Structures are given as C-alpha cells and as structure tokens.
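Structural characterization, general
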Amino acid sequence: MLHHRLVIIGGGPAGLAAAHGAYEEGERDILILEREEHLGGILNQCIHNGFGLHTFKEELTGPEYASRFIDLVKKDNIPYKLNTTVIDVNKDKIITAVNQEDGLLLIKADAIILACGCRERPRGAINIAGARCAGIYSAGTAQKLVNIDGLKVGKEVVILGSGDIGLIMARRMTFEGAKVKAVCELMPYSSGLNRNIVQCLNDFDIPLYFSHTVIKINGKDRVESVVVAKVDEKLNPILDTAFEIKCDTLLLSVGLLPENELARTCGVELSRVTNGAIVDESMMTSMDGIFECGNVLHVHDLVDYVSEESTNAGKSAVRYLNKSISSRDQVLEVKTSNGVRYSVPQLIKKDTDYTPIQFKMRVSNVFKNVEVALFVDGEKVAKKIKQIVTPGEMETLLVKEDIVKKIKSGQNVELTLVKRG
C-alpha cells in the first residue's frame, strides 16, 4: 500500500488549484489522481475565451487557463497519475484506484481533497417522449466531438436548456456552419450568464423561447423534428401551444450533477439542494480530513471562483495535516431564506479562527433592487447591494475578520435577500 499525506482526486481546474494551494502552504507530499489522459479537465474542450478575468486579469481560453495551473503544478514538482480511475474511498481514507501501468492501487492518505467535477444530466432524466434516434447529444458531448475530435454533429439544431454550455454551443455550432433554429428554456429565466445570452444568441439572431420545452422527438434513424410547447406556472406543457421545428440535431443543456459517488461511499453528508457535500468554512466535509471543492461541491458559473475556492481547500487540508484546524465540536448552521437557495459553506465552526470567509450562494428566481444580507442573531452585519440577481449567476459575499468574529460568537446566522426601496 502506498502512502501520501495529501491525495487530490481530480486533475481539472479544482484539483490543480487545490494542489498549488497546498504547495504554497508548505506541503510537499501531494499526489493528484486524474482519470483522463491529460490534466486540465473540462477546460481542455472549452476553446472559447472569457476565462481568467478575475484570476489573471486577462481574457483566456479554457486550455490557456488550464495550462497556467498545469505549469504551476509542474513547476512545484507535484506528482500526478493520469488515466487513473478511483473506484473507492473508504472511511479510513484508503483509496482504491486502477490504471494500466500500475494495475490496482491502494493508497493510504492522511487527507483527501475530492475535486471530481460534475456531469451532465442525460435525456433519461427529463423524460422526453419520442424516438430513440441518432442526433441527440448532451451539449458537453457535442462540444467535445466538435472541439476535440473535429467532427460535425449536425446541420439544423435545436437546443433545450439555456445553461452556459448550451448557450456557448449555440454560437459554436453557428461557427461550424450549422443553423441553430431555437434555444428553448423551461424556466421563465435563463440558467446561464447574461453575457453568454448576449454574445452567443443575440449577436447571431438565435431565438430564445422562455417557458418552453421539447415535448416530443420525431425521427426514425435520425432526428427529423422536435415538438415544442409553452409551459404553465407549474411547468406542465400547454398542448394547445405546441409547434414543430424541423431539425436533425437536439442538444441538451438541462443541468449538471456533481460527481459525488466517491463521497457517498465514504459516508460524506450531502446537501439535498446542491447534491454536493455539506462543508464548513475550511471546505472540510462531515468526514474528518476529507475536503471538497469545485463543481463536485456545487456548480459554479466562473472557473475563477473554482480556483479561488479550491486554493482555499488545499491550504485548509495542509492546516488540517499540521493540526492547526480545530475539530467540529461546535458548529453554526448558515440558514438561507427569502430567495437564497443555498450557501457554501453551510456550516461555520465556533472556534477562534477569524480568517475572512467568502459565502457563495444562488437565488431561486430573478430579483431586482435587493441587498444580499447576512444576519447574526437578527442583526444585519454585512450586505451587498445588487440591481438584479438571477439563478444563472452565483452571488458572493466576503466577510472580514471583525464580522467573522461576530458570526462565531453568535447563535443564529442567516443569508437572505432584502428588498430595497
């Protein structure tokens, strides 16, 4: 059995940033396990720009952004194993993995960071009626086929869902010579960034239908058309509004699911809202010495936020190894209300570590002219004024040492939206 003080599962943007953060904190016994043949994760197929504005103060493509962190990991001489699939993590922090070179691996870790990313919700999860014909892809799969493999997936395209990958693929398919006939969104608002709606749809006159969904797929060998209908307030299709769109390809951008199978096997407590782990401000899960960060924890809209959060997780894991992080003897639950769906972290330890905390959250609907407010025992201790908040954009609230001290000496902590005016 191998032994490493810190093992990071996942070599995408979260795992790379966590490894570099741990190295900066002084740890040298680090191992990264990555199931793909290259480091970089999903960024390798995201050839569009728009990455790195927060982290590097410049606009980069996905592969360029990934290469910055890959270069850091290589400069730090942090070892990694590629083409390595982790098949089990148990409560004793023993990792079972397999690859072609080493065969079956058993690795005992003193601390583990889960940075496994997320996967797309498949067609089977949304129950669309109709044929099981060719031409139906998740947006991410289509992105890989086009950007990595150089294949053309279709000529006339309908996209279901206005997540960021779906919006970006609308533009990418247009660049490839396809005609994107419509983007249909079940909700009355987009689940993607507003800038992507402008740059990927509006700039190319691609219609976006809110409160619409695909109710049937027609075709024998390949998609021939889809039937689209408006939905009511309960998201049920209004059949009288149905209309047909001729197409040969349907792309699905209908949500992302954190890859938390490993977390479940080792007993990590998961959130019913995010489907990721319930963590404290150090990114530690309910299992002592197991941390989580990135899209496996909750789905981010910007990779810059992933890197920031994961760097914190890496540094926290080292502080845990050096026994400078207190145990979870007493914690406060961060409650959310009035439009705030969830908060990360969900728990705050009642100790004397007053390091600034950045709360990340998403809202349940579109709200205008509000404050994102933090209350401790009924007193508003921090706020952020927003002209508009939407479910597609993650909100953040940074609280400094003096406020953290108030939080940790309080009894009730709540993140909420307050209407202004």
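All figures in this text were calculated on a predicted structure; none of them were measured in a lab.

1. Re the overall build of the chain
If you tally the helices and strands in the chain, you get eight helices and 26 strands. Computed over the C-alpha atoms, the radius of gyration of the chain is 22 Å, within 12% of the 22 Å expected from 2.2 N^0.38 for a compact globule of 421 residues. The dimensions of the chain, computed from C-alpha atoms along their principal axes, are 60 × 60 × 40 Å. Considering only contacts in the chain between residues 6 or more positions apart, those separated by 24 or more positions represent 63%. When the 52 positive and 55 negative side-chain charges of the chain are each reduced to one mean point, those points stand 3 Å apart.

2. Some remarks on unusual backbone geometry
Cis geometry marks the peptide bond from Val344 to Pro345, where omega comes out at 5 degrees. Mapped onto the fold, Pro345 is located in the loop between strand S20 (340–344) and strand S21 (347–349). Non-glycine residue Asp205 carries a positive phi angle of around 55 degrees. When its relative accessible area of 69% is taken as the criterion, Asp205 is described as exposed. The backbone phi angle of Asn369 is positive, close to 55 degrees, even though this residue is not glycine. Its place among the elements puts Asn369 in strand S23 (residues 367–376).

3. Considering helix H8 (residues 401–409)
A turn of α-helix holds 3.6 residues, and therefore any two residues three or four places apart point the same way. Of all the positions in H8, only Ile403, Val404, Ile407 and Lys408 are classed as buried. Along the long axis of H8, the arc covered by the buried residues comes to 135 degrees, so they all point the same way. Exposed side chains of H8 directed beyond 90 degrees from the buried face belong to Asp402 and Ser409.

4. A look at the packing of aromatic side chains
Taken as a whole and judged by the stated rule, the model has six aromatic pairs. Ring plane angle 80 degrees and centroid distance 5.5 Å describe the contact between Phe175 and Phe204, whose orientation is recorded as edge-to-face. Separated by 29 residues along the polypeptide, Phe175 in helix H4 (residues 164–175) and Phe204 in the loop between helix H5 (194–200) and strand S12 (208–210) bring together distant segments of the chain. The side chain of Arg28 reaches across the aromatic face of Tyr23, ending 3.6 Å from its centre. When the ring centre of Phe56 is taken as reference, the NZ or CZ atom of Arg68 above it lies at 5.0 Å.

5. Concerning the pairing of S23
Taken across its 10 residues, S23 has seven buried, putting it largely inside the fold. The sheet contact formed by S23 and strand S24 (residues 379–389) spans nine bridges and is antiparallel. Note on S24: the bridge partner recorded for Leu374 is Ala382. Joining the antiparallel neighbours S23 and S24 is a turn of two residues, in which Asp377 adopts a positive phi near 50 degrees.

6. Observations regarding helix H7 (residues 303–321)
Between its first and last C-alpha atoms H7 spans 27 Å; for 19 residues at 1.5 Å apiece the expected length is 27 Å, and the two agree. Across the 19 residues that make up H7, a large majority, 15, are buried.

7. Regarding a nonpolar patch on the surface
A cluster of nonpolar side chains, namely Ile87, Val98 and Leu104, defines an oily patch on the protein surface of about 280 Å² accessible area. With respect to the helices and strands, the residue Val98 is situated in strand S5 (residues 94–99). For Val98, a relative accessible area of 33% corresponds to the partly exposed category.

8. Here's the deal with the environment of Cys46
The topology assignment puts Cys46 in the loop between strand S2 (30–33) and helix H2 (62–75). Separated by 18 residues in sequence, Cys46 and Glu64 have C-alpha atoms that sit 9.7 Å apart. Look past the residues within four positions of Cys46 in its chain and what remains in contact with it is Phe51, Thr61, Gly62, Pro63 and Gln143.

9. What to know about the pairing of strand S16 (residues 249–252)
With burial as the criterion, each face of S16 is covered, one bearing Thr249 and Leu251 and the other bearing Leu250 and Leu252. Looking at chain direction, strand S9 (residues 136–138) and S16 are connected through three bridges and run parallel. Looking across to S16, one finds that Ile136 is bridged to Leu250. Bridging between strand S10 (residues 156–160) and S16 involves four bridges; their strand directions are parallel. Residue Leu160 lies in a different strand from S16, and its bridge partner there is Leu252.

10. Here we look at the sheet that holds strand S15 (residues 243–246)
Taken together, the four strands give an open sheet; going across it, the order is S8-S13-S14-S15, and neighbouring strands pair in mixed fashion. The sheet terminates laterally at strand S8 (129–130) and S15, the two strands that pair on one side only. Pairing analysis gives two bridges linking S8 to strand S13 (residues 212–219), with the strands arranged parallel. When the sheet's bridge partners are listed, Gly130 is paired in S13 with Ile217.

11. Comments concerning the sheet that holds S16
One open sheet accounts for five strands, arranged S9-S16-S10-S11-S12; its pairing is parallel. The sheet is open, and its two borders are formed by S9 and S12, each paired with just one other strand. Taken over all neighbouring pairs, the strand axes of this sheet differ in orientation by 20 degrees on average, direction set aside. With five bridges connecting them, S10 and strand S11 (residues 179–185) associate as parallel partners. From the neighbouring strand, Glu156 faces S11, where its bridge partner is Lys179.

Calculation notes
- Residues numbered from 1 in each chain as written.
- Predicted model: local features only at pLDDT ≥ 70, side-chain atom pairs only at ≥ 80, totals over all residues.
- Heavy atoms only, no water.
- Helix = DSSP H or I, 4+ residues; strand = E, 2+ residues; numbered from the N terminus.
- Rg over C-alpha atoms; globule rule 2.2 N^0.38 Å.
- Contact = heavy atoms within 4.5 Å.
- Lys, Arg positive; Asp, Glu negative; His and termini not counted.
- Charge placed at Lys NZ, Arg CZ, Asp CG, Glu CD.
- Buried < 20%, exposed > 50% of the residue type's maximum accessible area, 1.4 Å probe, protein only.
- Arc of directions from axis to C-beta.
- Phe/Tyr/Trp six-rings, centres within 6.5 Å; stacked < 30°, edge-to-face > 60°.
- Lys NZ or Arg CZ within 6 Å of the ring centre and 35° of its normal.
- Pairing = 2+ DSSP bridges.
- Expected span 1.5 Å × (residues − 1).
- Patch = residues over 30% accessible without salt bridge, like charges linked within 9 Å, V, L, I, M, F, W, Y side chains within 5 Å.
- Areas by Shrake-Rupley, 256 points an atom, 1.4 Å probe, with all protein chains shown as cover.
- Salt bridge = Lys/Arg side-chain N within 4 Å of Asp/Glu carboxyl O.
- Axes fitted to C-alpha atoms, helices over the stretch in contact; angles between N-to-C directions.

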